[in-house]
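Observations on chain architecture
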Protein chains: 2
Amino acid sequence: MNHSSIGLFDSGFGGLTVMREVAEQLPHENLIYFGDTAHLPYGNKSAETILQYAFDNAQFLLDQGIKLLIISCHTACSYAFEALQQKLSIPVIGVREPGIEALLQATRTKQVAVLGTRATIASGFFQAALQSRQIDVHAIACPLFVPFVEEGLPNHPAAKLIIEHYLAPLKRTAVDTVLLACTHYPLLREAIQEALGSHIQLIEPAPATALAARDLLKKRKLLNPGTSPPVYQFYTSDDPQKFRQLAKLFFPRPIEQVLLSPCKK
Amino acid sequence: MNHSSIGLFDSGFGGLTVMREVAEQLPHENLIYFGDTAHLPYGNKSAETILQYAFDNAQFLLDQGIKLLIISCHTACSYAFEALQQKLSIPVIGVREPGIEALLQATRTKQVAVLGTRATIASGFFQAALQSRQIDVHAIACPLFVPFVEEGLPNHPAAKLIIEHYLAPLKRTAVDTVLLACTHYPLLREAIQEALGSHIQLIEPAPATALAARDLLKKRKLLNPGTSPPVYQFYTSDDPQKFRQLAKLFFPRPIEQVLLSPCKK
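Residues numbered from 1 in each chain as written. Chains lettered and ligands numbered in written order. Predicted model: local features only at pLDDT ≥ 70, side-chain atom pairs only at ≥ 80, totals over all residues. Heavy atoms only, no water.

1. Thoughts on the overall build of chain A
The condition is simple: Helix numbering and strand numbering both begin at the N terminus, where a helix is a DSSP run of H or I of at least 4 residues and a strand a DSSP run of E of at least 2. C-alpha atoms define the radius of gyration in this analysis, and the globule rule sets the expected value at 2.2 Å times the number of residues to the power 0.38. For every residue, the accessible area (1.4 Å probe, protein chains only) is compared with the maximum for its type, and the residue is labelled buried under 20%, exposed over 50%, or partly exposed between those bounds. Here, two residues are considered to be in contact whenever any of their heavy atoms come within 4.5 Å of each other. Values of accessible area rely on a 1.4 Å probe in the Shrake-Rupley scheme; residue burial ignores everything except the protein chains shown.
When you go through chain A residue by residue, the secondary structure sums to 11 helices and 10 strands. Compactness check: chain A gives a C-alpha radius of gyration of 18 Å against a globular reference of 18 Å for 265 residues, within 12% of the reference. With the C-alpha coordinates aligned to their principal axes, the bounding extent of chain A is approximately 50 × 40 × 35 Å. Expressed as a percentage of the 265 residues in chain A, the buried residues total 59%. When contacts within chain A are restricted to residue pairs at least 6 apart in sequence, long-range pairs at least 24 apart make up 75% of them. Of the roughly 10600 Å² of accessible surface on chain A, 51% is carried by carbon and sulfur atoms.

2. Points about the relation of the copies chain B and chain A
Heads up, the rule is: Only residues with pLDDT of at least 70 in both copies contribute their C-alpha atoms to the least-squares superposition of the copies.
You can overlay chain B on chain A at an RMSD of 0.0 Å; the transform is a turn of 180° with a shift of 0.0 Å along its axis. Taken together, these values place the two copies in the relation of a two-fold axis. For chain B, the smallest separation between a C-alpha atom and the rotation axis is recorded for Ala158 of chain B, amounting to 2.2 Å. In this assembly, 100% of the residues forming the interface of chain B have copies in chain A that are likewise at the interface, indicating an isologous arrangement.

3. Focus: the interface of chain B and chain A
Heads up, the rule is: Note on terms: buried area is the combined drop in 1.4 Å-probe accessible area of two parts once they are placed together, counting the loss on both. A pair is scored as a salt bridge if a Lys or Arg side-chain nitrogen falls within 4 Å of a carboxyl oxygen belonging to Asp or Glu.
In this assembly, 32 residues from chain B lie in contact with 32 residues from chain A. Together chain B and chain A conceal approximately 2400 Å² of surface at their shared face, both sides included; 55% is due to carbon and sulfur atoms. On the chain B side of the interface with chain A, the three residues burying the most area are Lys45, Leu144 and Glu151 of chain B, jointly 19% of the side's total. The tally of links from chain B across to chain A stands at two salt bridges.

4. Describing the pattern of salt bridges
When charged atoms on two side chains of opposite charge get close, those side chains can pair. Scanning the entire structure with this criterion turns up 16 salt bridges over all chains. Measuring nitrogen to oxygen at the nearest pair gives 3.1 Å for the salt bridge that ties Arg96 of chain B to Glu82 of chain B. In this pair, Arg96 of chain B is assigned in helix α4 (residues 96-106) and Glu82 of chain B in helix α3 (residues 74-87), connecting sequence segments 14 residues apart. For Arg96 of chain B, a relative accessible area of 1% translates into the label buried. On the basis of relative accessible area, Glu82 of chain B is assigned to the partly exposed category, the value being 40%. Through salt bridges with shared partners, a single ionic network connects Glu82, Arg96 and Glu97 of chain A.

5. Here we look at the side chain of Glu204 of chain B
All names here are of chain B. Quick note on the threshold: Polar contacts, as used here, are pairs of N or O atoms within 3.5 Å; protein pairs need one atom able to donate a hydrogen and one able to accept it. Residues neighboring in sequence count only if both atoms are side-chain atoms.
Mapped onto the secondary structure, Glu204 falls in the loop between β8 (201-203) and α10 (206-219). Among the residues examined, Glu204 registers a relative accessible area of 18% and is labelled buried. Within polar-contact distance, the side chain of Glu204 engages the side chain of Arg189 at 2.7 Å. If sequence neighbours within four positions are ignored, Glu204 has contacts with Leu180, Pro186 and Arg189.

6. With respect to the sheet that holds strand β4 (residues 92-94) of chain B
Note on sheets: strands pair through backbone hydrogen bonds, and any given pair is parallel or antiparallel. Residues and elements named next belong to chain B. Here is the rule we go by: The pairing criterion is simple: DSSP has to find at least two bridges between the two strands. Working convention: axes come from line fits to C-alpha atoms, limited for helices to the stretch in contact. Angles between N-to-C directions cover 0 to 180 degrees.
Within the open sheet, the six strands sit side by side as β4-β3-β1-β2-β9-β10. Their pairing is parallel. Both edges of this open sheet fall to β4 and β10 (258-260), since each of them pairs with a single strand only. The sheet shows a mean angle of 25° between the axes of neighbouring strands, direction not considered. Note that strand β1 (residues 6-10) and strand β3 (residues 68-71) share four bridges and pair parallel. What sits directly across from Ile6, in β3, is Leu68. Its contacts with the sheet place α3 against β1, β3 and β4, and it is angled at close to 160° to β4. Where helix α11 (residues 240-250) meets the sheet, its contacts fall on β2 (31-35), β9 (232-236) and β10, and the angle it forms with β10 comes to roughly 145°.

7. So, the state of the cysteines
All names here are of chain B. Rules: By convention in this document, the label disulfide applies to cysteine sulfur atom pairs within 2.5 Å.
One pass over the structure, following the stated rule, counts zero disulfides over all chains. Cys77 provides the cysteine sulfur closest to Cys73, a residue in no disulfide bond, and the two sulfurs are 6.9 Å apart. With no disulfide of its own, Cys182 lies closest to Cys73 among cysteine sulfurs, the gap being 7.0 Å. For Cys182, a relative accessible area of 7% gives the class buried.

8. Comments concerning the packing of aromatic side chains
For any two aromatic rings, the description comes down to two numbers: the centre-to-centre distance and the angle of the planes. All names here are of chain A. Let me state the cut-off plainly: By convention, a stacked pair of Phe, Tyr or Trp rings (six-membered ring in the case of Trp) has centres within 6.5 Å and planes under 30 degrees apart, an edge-to-face pair has planes over 60 apart, and any other such pair is tilted.
Counted under the stated rule, the structure contains 23 aromatic pairs over all chains. Here Phe34 and Phe60 contribute two aromatic rings whose centre-to-centre distance is 5.0 Å and whose plane-to-plane angle is 45°, an arrangement assigned as tilted. In this pair, Phe34 sits in strand β2 (residues 31-35) while Phe60 sits in helix α2 (residues 47-63), placing the two residues 26 residues apart along the sequence. Given a relative accessible area of 0%, Phe34 falls into the buried group. The exposure class of Phe60 is buried, given its relative accessible area of 3%.

In structure tokens, the structure reads:
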């Protein structure tokens, strides 16, 4: 069991920003990543559809014998985290809670913003979780961020205009900390920072998520005791060749092989 | 059979620009539209995945007893038109050929441009079809156009910059006619026209497609002889409520009810 892999899934490539951190902080763990690119993006789809996709993805990873599941997609977490945690016999970690904890530690003004897909923001999860801890939240859906990242144009002048368009409501607020609540958004980090100014702190949930995974494996005595180089496996539900090309943007280690998931839906 | 409906499908809403023209030119025909929004968008996906989705959509419409199928999506046409035409026992029409005919009639310089999704342009269909008729083709993939339309920002300054970005290669060419080879793009028509200048003629395939449907039904004696108001039915594979809201942008007639396709994949 300790030698089993950690499984991660996302609708596409964004979750690889989480995998990168997990690989960094848990260098002896074997990892399996599943990018459900046939159904990408999840961000504008309905709760019911997202839940179905998340279940299918988790089942595929369970069939590979994983010891821990990390849902590496905020949209999927928004609609499937509790359901998967209840149903699965292995531990499940998401990207929402670690992000919130990092946000709480960082804010001084107790006014924060959360940027996410339309579906993530519509779920209301971040708003409820932060308001219950006396934090004032500006929750902003940014549906064009993912397409700009996927088109490889995060620094195009049009991306800057779109960033300004979505972030305009933050002007003249006391917001001091902004959570990037979508695993694609770190690739727009520089442009977002420029639009907001250097006095605003940007929080990515990936490092905190990787730490949470490490703590959980340690507590449950599930850490891999081996010291041989780990195995990284990549699966996708659409074209593996395309996946490999785009994945390089998100995961800076060699990606030798990408396989088509046999249970393509 | 004459009273049966015409079926149309698209990955989402763009195909409704075709349905609008069909409703205009064939006012006595009953129409069934299926928007496969659970898998939207098709434009960046692989040939194999698009083919599978197109077959599933066609089967759903066949189960409703349609007399004619109009594939109202250029991406789906690019990978599934021939296969569906061969397999189905009813006639099948696409949006590619009518668009090409309209383009050929309009160009004087014999230099044209075709704008489409990444998958449509990668299929090479328009390039081959036009070059074989001694037309010089500039084929340009415009992957961000669909997200801008779906975000309801077709006239945002960022959309203008993106349009200029994609259309820059047309500067200093003798191109006089541009085909909008994606059923979403008519919603960006004004901004595209502005970027190109008024001397360039823009071609939408929807009117020519509706004409082709009328000719085919007439020739096969399949026109609906009834004169009662037609029935328009709408199905989607994702949230019907969301579909109804966005569909209004594309189809300016009352949309009373949208149903979830029972065979949701």
